[in-house]
Amino acid sequence: MKQLIASALMLLTPALVMAQDAAPAKPAAKAAAKAEPAKKSEAARKPAAKSTQAAKSSSSKEARKAAPTQVAKARPQSSRAQLKSATNQVASGLIAAEAALSPAELDIAQRVHTGHIPCELGASVNIEADPKSPGYFQVAGKGFHYRMTPVATSTGAVRLEDQKEGAVWIQIANKSMLMNQKLGQRLADECMSPQQVAVTESIRKNPQPSLLDAPAPAPAAAAAPTAEALAK
C-alpha cells in the first residue's frame, strides 16, 4: 500500500511542477497584452501633440499677418509748445510796432549823417541805417553798440536815443557827440562827418560876428514937431 501511494506521488509531482510554471505565464501574457495598447496610445499622442503645436504656430503667424498696421497718431501740441508759439507771435507784434515811427521822427531820420565818423582822441563812430526798420540806426564803436531812434527836440538838433541803454547821439551843424546818460560819460566828442567838416571850414573862413563886435545902434531920429509947437 505504501508503495502504491509513493508511486502515485511520484507521478503527480511533475504535473504539479508544470502547473505551477504555467500559472504565472498567464498574468505575464496579460501584462504584455496591456502594455502594447499603451505604447500604441503614446505613439498616437505624440503626432497629435506635434500637429497641435504646428496648428498653433500657423494660427499665430496668420494672426500676425492679418493684424492691421497701427499708425501712430500725432500728439497734440503740449502747453510748452503753445506757450513758445504765443511768445513768438508777441515778439513779432512788438517788432512790427517798433518799426512804426511817426512822420516827424522819420523826417528827423532823413537828416542823420551815416557812415564812418571820426572823433577826437582817435575815436570814431559808425552809424548805419537799418534797412528793415525805417528810422532805426545801428550806432557802434569801440566798446559800444546801440540801436537808436530819432527823438524830436525844441532846438532843432538831431537827437538819437537808445532808451534801454541810456545812450544819446547829438548832431548839430558842425559836430556831434555820443554820451551815455546812465554811466554819466561822453563816449565820443567832436565827431565830424564830411558835411560837418564843410560847415566848420565855412565858419572858419567866414566867422560870425560876436555880440562884443556888434556895431553900436544908430541914434534915434528927432521927433517931428507937433502942431502946438508950430503954433507957438
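What counts and how
Residues numbered from 1 in each chain as written. Predicted model: local features only at pLDDT ≥ 70, side-chain atom pairs only at ≥ 80, totals over all residues. Heavy atoms only, no water. Core = buried A, V, L, I, M, F, W, Y, C linked by side-chain atoms within 4.5 Å. Buried < 20%, exposed > 50% of the residue type's maximum accessible area, 1.4 Å probe, protein only. Helix = DSSP H or I, 4+ residues; strand = E, 2+ residues; numbered from the N terminus. Salt bridge = Lys/Arg side-chain N within 4 Å of Asp/Glu carboxyl O. Pairing = 2+ DSSP bridges. Axes fitted to C-alpha atoms, helices over the stretch in contact; angles between N-to-C directions.

**Quick look at the nonpolar core**
- Counting 19 residues, the largest nonpolar core has Val125, Ile127, Phe137, Met148, Trp169, Leu178 and Cys191 as its most contacted members.
- Those elements that place two or more of their residues in this core are α3 (103-109), β2 (124-129), β3 (137-141), β4 (144-151), β5 (158-162), β6 (167-171) and β8 (185-191).
- It is β4 that provides the largest number of residues to this core, a total of three residues.

**Some remarks on the pattern of salt bridges**
- Scanning the model with the defined rule gives five salt bridges in all.
- Close ionic contact of arginine 159 with glutamate 161 constitutes a salt bridge, the shortest N to O distance being 2.5 Å.
- Classification of arginine 159 by relative accessible area gives buried; the value is 19%.
- Residues aspartate 189 and arginine 186 are paired through a salt bridge, measuring 2.7 Å at the closest nitrogen-oxygen approach.
- Residue aspartate 189 is classed as buried on the basis of its relative accessible area of 17%.

**What to know about the sheet that holds strand β7 (residues 176-180)**
- Taken in spatial order, the eight strands line up as β1-β2-β3-β4-β5-β6-β7-β8 in an open sheet, and their pairing is antiparallel. Both edges of this open sheet fall to β1 (115-118) and β8, since each of them pairs with a single strand only. Recorded for the sheet is a direction-independent mean angle of 25° between the axes of neighbouring strands.
- Note that β6 and β7 share five bridges and pair antiparallel. Bridge pairing in β7 places alanine 167 opposite asparagine 180.

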